[in-house]
Amino acid sequence: METELGQYIFSRQEKLILDLVSPIAGESLLDVGCGTGNYLRMFQNKNCALTGIDSSDAALASARNKLGHRCELVQGNPTNLPFSDNEFDVVSLVQGPQILGDPQKVMAEAVRVSRSRVFVGFFNKHSFVGTKQSVRKLFCFPVTSAMRFFTISEMKSIINKTMLTPSITWGSVIYLPSPVYTFFSELEELFPMKNNPLGAFIGMVFPVRYTYRTVQNPIRNSFDLKTKTQAAAPEAIRGMFQERNR
């Protein structure tokens, strides 16, 4: 993102994310797979209380240099988040699904620790950019890094397996082939962001309309979980599920 084109592309992505998430000053936000902190920084500018988690020491060190002490940074596994149920207003998975482990488990954990809404960003199989090589170049991913593409329907299926009938709002940023920007950079902005299936980067946000009931913080809100997501509950609750199913 050090080039002029990289900065422009990131600004388009930032606009989509902020439009969908609509962060409010004072809200708590967890970025799962936060990497070097670029996306945390955009939420920091909205005066959110920030936490980031990543499995890489090197990435967290870079994020710490960017964010200082204004963000809590934790090393951990995104498929088993070390946080209480409903701990954060917003949970973001901006890079998570394409570079982390089992996307279903990552999504289930994100839902578990959220009490308001979850944002997920992913690279689109059906986009103008087309190839993984092109996306790696745009986003400065190492050539050898693992990267997954998803279709819109595949990601909706992952969300639907975690929550029943979620209300999903989504949009995309096109990212045209690089030579186009040399001659007509404004062309990107002629395409709508909302409900555009051709973008290289897709963003989806959905409300978390239920809460877990935990031993640490008992609550009475009703919840609506599918059986497969029970494995994402914290240890105290996992034991209860296991006993019930024996």
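Quick caveat: nothing in here was measured; it's all calculated off a predicted structure.

(A) Region of the structure containing unusual backbone geometry. A positive phi angle, close to 50°, is found at S22, a residue other than glycine. When you line up the elements, S22 lands in the loop between helix 1 (4–21) and strand 1 (28–32). Look at N47: it is not a glycine, yet its phi comes out positive at around 60°.

(B) The arrangement of the pattern of salt bridges in detail. By the definition in use, this model includes 6 salt bridges. A salt bridge links K15 to D19, with the shortest nitrogen-to-oxygen separation between them at 3.1 Å. Separated by 4 residues within a single helix, K15 and D19 lie in helix 1, roughly one turn from each other. Here R112 ties to D85 by a salt bridge, and the two come within 2.6 Å at their closest N and O atoms. In this pair, R112 sits in helix 5 (residues 103–113) while D85 sits in the loop between strand 3 (71–75) and strand 4 (88–93), placing the two residues 27 residues apart along the sequence. Neither residue differs from the other here; R112 and D85 are each classed as buried. One continuous salt-bridge network, built from bridges that share partners, spans D85, E109 and R112.

(C) View of the state of the cysteines. For the coordinates displayed, the defined rule picks out 0 disulfides. Summary of cysteine pairing: C71 is not part of a disulfide, and the nearest cysteine sulfur, belonging to C34, is at 6.8 Å. In this structure C71 comes out as buried when scored by relative accessible area, which is 9%.

(D) The arrangement of the packing of helix 5 against helix 7 (residues 152–162) in detail. In contact at an axis separation of 9 Å, helix 5 and helix 7 are set at 50° when each is read in the N-to-C sense. Judged by the inter-axis angle, helix 5 sits oblique to helix 7. As for how helix 5 packs across helix 7, the hand of that crossing is right-handed. Mapping the contact onto sequence places P103, Q104, M107, A108 and V111 in helix 5 and M155, I158, I159, K161 and T162 in helix 7. Residue composition of the contact of helix 5 with helix 7, by class: 7 nonpolar, 2 polar and 1 charged.

(E) Examining the packing of aromatic side chains more closely. Tallied over the full model, the rule gives 4 aromatic pairs. When the centroid spacing of 6.0 Å and the interplanar angle of 45° are considered together, the rings of F123 and F149 count as tilted. Here F123, found in strand 5 (residues 114–124), pairs with F149, found in strand 6 (residues 149–150); they are 26 residues apart in sequence, far enough to count as distant. Neither residue differs from the other here; F123 and F149 are each classed as buried. Taken together, the ring pairs in this structure connect F123, F149 and F201 into an aromatic cluster.

(F) Representation of the pairing of strand 3 within the structure. Pairing of strand 2 (residues 49–54) with strand 3, which is carried by 5 bridges, proceeds in the parallel orientation. Its bridge partner lying in strand 3, D54 is registered against Q75. In this region the chain leaves strand 2, passes through helix 3 (residues 57–67) and returns to the parallel neighbour strand 3; the handedness of that crossover is right-handed.

Cut-offs used in this document
- Note that residues are indexed from 1 along each chain, following the sequence as it is written.
- The model is predicted, so local features are restricted to residues of pLDDT at least 70 and side-chain atom pairs to those at 80 or more, both for listing and for counting; the totals for chains, interfaces and linings are taken over all residues.
- Only hydrogens and water are removed before side-chain values are computed, so all heavy atoms of the structure are retained for them.
- Secondary structure elements are defined from DSSP: runs of H or I of at least 4 residues count as helices, runs of E of at least 2 residues count as strands, and each element is numbered from the N terminus.
- The rule for a salt bridge is simple: a side-chain nitrogen of Lys or Arg has to be within 4 Å of a carboxyl oxygen of Asp or Glu.
- Three exposure classes are used, based on accessible area relative to the maximum for each residue type with a 1.4 Å probe and protein chains only: buried under 20%, partly exposed in between, and exposed over 50%.
- When two cysteine sulfur atoms are found within 2.5 Å, that pair is recorded as a disulfide.
- Lines are fitted to the C-alpha atoms to define the axes, a helix being fitted only along its stretch in contact, and any angle between axes, read from their N-to-C directions, falls within 0 to 180 degrees.
- When describing relative orientation, an angle under 35 degrees is termed roughly parallel and one over 145 degrees roughly antiparallel, while 65 to 115 degrees is termed roughly perpendicular and anything else oblique.
- Two helices crossing with the near one rotated counterclockwise from the far one by less than a right angle form a left-handed crossing, whereas a clockwise rotation gives a right-handed crossing.
- The contact criterion used throughout is that any non-hydrogen atoms of two residues lie within 4.5 Å.
- For this classification, the nonpolar set comprises Ala, Val, Leu, Ile, Met, Phe, Trp, Tyr, Cys and Pro, the charged set comprises Asp, Glu, Lys and Arg, and every other residue, Gly included, is treated as polar.
- Two aromatic rings, drawn from Phe, Tyr or Trp (for Trp, its six-membered ring), form a pair once their centres lie within 6.5 Å of each other, and the interplanar angle then sorts them: stacked below 30 degrees, edge-to-face above 60, tilted otherwise.
- Two strands pair under a simple rule: DSSP has to find at least two bridges between them.
- Clockwise travel from the first strand over the helix to the second, with the strands pointing away from the viewer, marks a crossover as right-handed.

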